[in-house]
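Examining the three-dimensional arrangement
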Amino acid sequence: MDEKLMLSLLQKNARMKITDLAAALDESKDDVIEKLTELEKKKVICGYHTIVNWDLTNTEIVTALIQVNASPEREYGYDRIASHIYKFDEVDTMYLLSGSFEFVCIVKGKTMQEVAHFVASKLACVDGVTGTSTYFVLKQYKNDGVILIEDEDGKNDRLVVTP
Amino acid sequence: MDYNEILSDRVKTIKPSGIRKFFDLASQMEDVISLGVGEPDFTTPWAIREAAIYSIEKGRTFYTANQGLQELREEICRYYQRRFHVDYNPKDNCIVTVGGSEGIDIAIRAILNPGEEMIVLDPGYVAYTPGVELAGGIPVTINLRQEDEFKLTPELLKAAITPNTKALLINYPSNPTGGFMTKSDYEKIVPIIKESGIIVISDEIYAELSYEEEFCSIASFDEIKDQVIVVSGFSKAFAMTGWRLGYVLANPVLTKAMNKIHQYIIMSAPSSAQYGAIEGLRHCYDEVLKMRDSYKARRNFLVKTFNDMGLETFKPQGAFYVFPCIRSTGLTSDEFCEKLLEDQKVACVPGTAFGPAGEGFIRVSYAYSLEELKVATEKIKIFVDKCRGNHD
Ligand SMILES: Cc1ncc(COP(=O)(O)O)c(C=O)c1O
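So, how was this worked out
- Residues numbered from 1 in each chain as written.
- Chains lettered and ligands numbered in written order.
- Predicted model: local features only at pLDDT ≥ 70, side-chain atom pairs only at ≥ 80, totals over all residues.
- Heavy atoms only, no water.
- Contact = heavy atoms within 4.5 Å.
- Buried area = accessible area lost by both parts, 1.4 Å probe.
- Salt bridge = Lys/Arg side-chain N within 4 Å of Asp/Glu carboxyl O.
- Polar contact = N/O pair within 3.5 Å; in protein donor to acceptor, adjacent residues only side chain to side chain.
- Helix = DSSP H or I, 4+ residues; strand = E, 2+ residues; numbered from the N terminus.
- Nonpolar A, V, L, I, M, F, W, Y, C, P; charged D, E, K, R; others polar.
- Domains from an automatic or database assignment.
- Pairing = 2+ DSSP bridges.
- Right-handed = clockwise from strand over helix to strand, strands pointing away.
- Phe/Tyr/Trp six-rings, centres within 6.5 Å; stacked < 30°, edge-to-face > 60°.
- Buried < 20%, exposed > 50% of the residue type's maximum accessible area, 1.4 Å probe, protein only.

1. A few points about the interface of chain A and chain B
For interface size, the figure often reported is the accessible area lost on association. Taken together, the contact between chain A and chain B spans 21 residues of the former and 35 residues of the latter. Together, the buried faces of chain A and chain B total about 2200 Å²; carbon and sulfur atoms form 54% of this surface. On the surface where chain A and chain B come into contact, there are four salt bridges. Put simply, Asp-2 of chain A and Lys-296 of chain B hold a salt bridge, and the shortest N to O gap is 3.7 Å. Inspection of the chain A/chain B interface yields 14 residue pairs in polar contact (both at pLDDT 80 or more). Within the residue set of the side of chain A that touches chain B, elements represented by two or more residues are α1 (3–12) and α2 (18–25) of chain A. In terms of residue class, the side of chain A that touches chain B is built from 10 nonpolar, three polar and eight charged.

This is the structure:
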C-alpha cells in the first residue's frame, strides 16, 4: 500500500471516508482499516485534528513563541529539561534547535498576562533553564500548510471546458 | 460583402473544434460543475511566480535569443538527461516555444510538404489534425482501441504506413485517453520506425504525470533518436498553462529548420515566463511530485467510481484524464454529454471531440479536488441510473 499517499491524503483531510480513501488508494476497505490501525499503533498517525482559526471566533486566545536557553545535563542532555517544559498544558509545540538558544516553545493562553505569568512563574523556573525571550504573535498568516487569511490564490478562474 | 468568401480555402476546410461547441453550451448555463478542463487545478508554484516577478522588477523585459534563454535551454537539456536519460545540447537541439502548441505547429511545418501524409492517432489531442491540414499535409488516422488500452501497436502502425508517409505524431501519456506506452511497448514499434525512416513527433507534455511505470521517451532509443522531435512544455507538470511556455528537442538540422519558422512567427517566447521556468526546473521538482501524487489518488478514485457505476473504464497510467466507455447507456458520446449537462449540470467532453474513434467514450478530467470529483460523480451516477431505467 502507498503509505505516503495515504498519509498525505489524511493530512489534507482527516475526515475522509474510508470508502473514498480506499478508492483513492486503489485498495480494499479492510486493508485500509488495517493499515490505519497499524499506523495509529505505531504513532505514525498521532491524531486527527482540526485546524481552527481561533481569530475568527469570539474566543480569547494569544500565542507566543518563546526562546528558551538551557544547559544540558549529564546523562540526559536536554531531554529531561524538555520533558519538564512540554508537560505543561500551556505548551502547544516544542522543538530543540541548533543555534544560539536551545528550545523554542509555542505557548497559548487566554491573555498576554496569563502567558507572561506562565513564563515567569513556571517556565523560567524550571531547573536548567537559564533564560527566556517571549514574542507575542500579532497575526497568523499560515498554519500547518494552510493559509488562514483572505488570499485570492486558491481561487482559480479556469474556463469550464478546455482541450 | 461576404467575408466568408475571402477566407483561405485551408481555413475554410478546417473543422471547428468539438471542444469549442461544448464550451459554448456549458458556458451558457449557470452553476455548472465541470470535469471538462485540460489544465491543472493547482496554481503555479510560488517560487516560479516569484522568480518571474523578480525578472520583471529587474527590467528583464526584452526579447530573448530566438531559441530562448541560454540558461533555460541548459536547464531543459539537463532535465531531459536527468529524468528521461536522453542527451540534447542547448545550442543545437533545443528551442523554447510558446507552449507545446507552438512546438507542434513548427514541428509539423518544418517537415511536411503539401500532399505528404502524417499519421495521427485517434482519439487524440485536438490540435494535431488541423495542424497537419494547415500545413497542407494529409492526416492519416490510426484508430486506437480500448482493448489495447489505446496504445499504438506494431500492427496498427505497419498498416498505416505508406510510401507517402512522412511522419507519425504520438502523444503518451495521452490526452484524452490517459493511455501510456511503456519501454517494452515502444520496443515493438521502434524497428518499424527505423526501417521506414519516418519522423516521429512525440508530444511528451504529460511525461511527469506517469503513475505506475517510469515515463519512457521514444527519443531514448538511440537507433531512432535523430528521427524524433520531442515536443513538451511547462503547462501540465509545473501548472503553468497561462504562461505559454514549451520547448522542442530534435537533431540539429530539424532544430535549425524549426527555428527558422519560430524566429519569423514568434521571435522569442515570453521572457518573464522563461525566467520563471528556470526556477521551476532548478528548484520545484518536489512540487511536481506532490501534484502528481494528488492526481494519482484522484485517478484511482475515478476509475473505481466509474467502474462501480457500470461504465467500463480502463485504468490510465498517465495524464489527468479517464476515458469511460458509455456505450452501455445506449447513448452516443454527444448525447451523453449534452443530456448530462442538461440533467445534472455536469460538463464532460464527448470522446468524439478528439476524433471519430472517440465515439462511445467521454473524457473526464481529474484536474479537480477529490471533494469536487465526489460531488460530480454522484451526479453522473444519478444520470446513468436514469438512462438505464429508461432503457430497461
Ligand atoms: C497533448 C497536449 N499537447 C499539447 C498541449 C498544449 O499545451 P501548451 O501549449 O499549453 O504547452 C496540450 C494542452 O492541453 C495537450 O493536452
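Now that the structure has been shown, the text picks up again.
2. A few points about the domain arrangement of chain B
Residues and elements named next belong to chain B. Taken domain by domain, chain B consists of domain 1 (3–43 + 286–391) and domain 2 (46–283). For domain 1 and domain 2, the distance between their C-alpha centres works out to 25 Å. Facing 36 residues of domain 1, the contacting portion of domain 2 comprises 36 residues. Interface area, domain 1 with domain 2, both sides summed: about 3200 Å², of which 59% is carbon and sulfur. When the area that domain 1 buries against domain 2 is broken down by residue, the three leading residues are Phe-314, Gln-317 and Phe-354, summing to 22%. The salt bridge involving Glu-212 is made with Arg-299; its shortest N-O contact spans 2.8 Å.

3. Quick look at the domain arrangement of chain A
In terms of domain boundaries, chain A breaks down into domain 1 (3–41) and domain 2 (54–139). Here the C-alpha centroids of domain 1 of chain A and domain 2 of chain A sit 34 Å apart.

4. Description of the pairing of strand β4 (residues 138–143) of chain B
In summary, the side chains of a regular strand alternate between the two faces of the sheet. Residues and elements named next belong to chain B. By the bridge criterion, six bridges tie strand β3 (residues 117–122) to β4 in an arrangement that is parallel. From the neighbouring strand, Glu-117 faces β4, where its bridge partner is Ile-138. Once you follow β3 into helix α7 (residues 128–134) and on to β4, the crossover reads as right-handed.

5. Let's talk about the packing of aromatic side chains
Residues and elements named next belong to chain B. All told, the structure shown has 21 aromatic pairs over all chains when counted by the stated rule. When the ring of Tyr-80 is compared with that of Tyr-247, the centres are 6.2 Å apart and the planes differ by 85°; the resulting orientation is edge-to-face. Placement of the pair is Tyr-80 in helix α5 (residues 70–84) and Tyr-247 in strand β8 (residues 246–249), with a sequence separation of 167 residues. Look at Tyr-80 and you get buried, because its relative accessible area is 1%. Here Tyr-206 and Tyr-321 contribute two aromatic rings whose centre-to-centre distance is 5.8 Å and whose plane-to-plane angle is 80°, an arrangement assigned as edge-to-face. Of this pair, Tyr-206 sits in the loop between β6 (199–203) and β7 (228–233) while Tyr-321 is found in strand β9 (residues 321–322), placing the two residues 115 residues apart along the sequence. On the basis of relative accessibility, which here comes to 2%, the residue Tyr-206 falls in the buried class.

6. Quick look at the pattern of salt bridges
Think of it this way: side chains of opposite charge can pair up when their charged atoms draw near. Residues and elements named next belong to chain B. Within this structure, the stated rule accounts for 29 salt bridges over all chains. Residues Lys-12 and Asp-9 are paired through a salt bridge, measuring 3.9 Å at the closest nitrogen-oxygen approach. With a gap of three residues between them, Lys-12 and Asp-9 both fall in helix α2 (residues 9–13), about one helical turn apart. When its relative accessible area of 42% is taken as the criterion, Lys-12 is described as partly exposed. Overall, the relative accessible area of 57% leaves Asp-9 in the exposed class. With a shortest N-O distance of 2.8 Å, Asp-148 and Arg-145 are connected by a salt bridge. The class of Asp-148 is buried, set by a relative accessible area of 18%. Residue classification places Arg-145 among the partly exposed residues on the basis of a relative accessible area of 35%. One salt-bridge network, in which partners are shared between bridges, spans Glu-71, Glu-74, Glu-75, Arg-78 and Arg-282.

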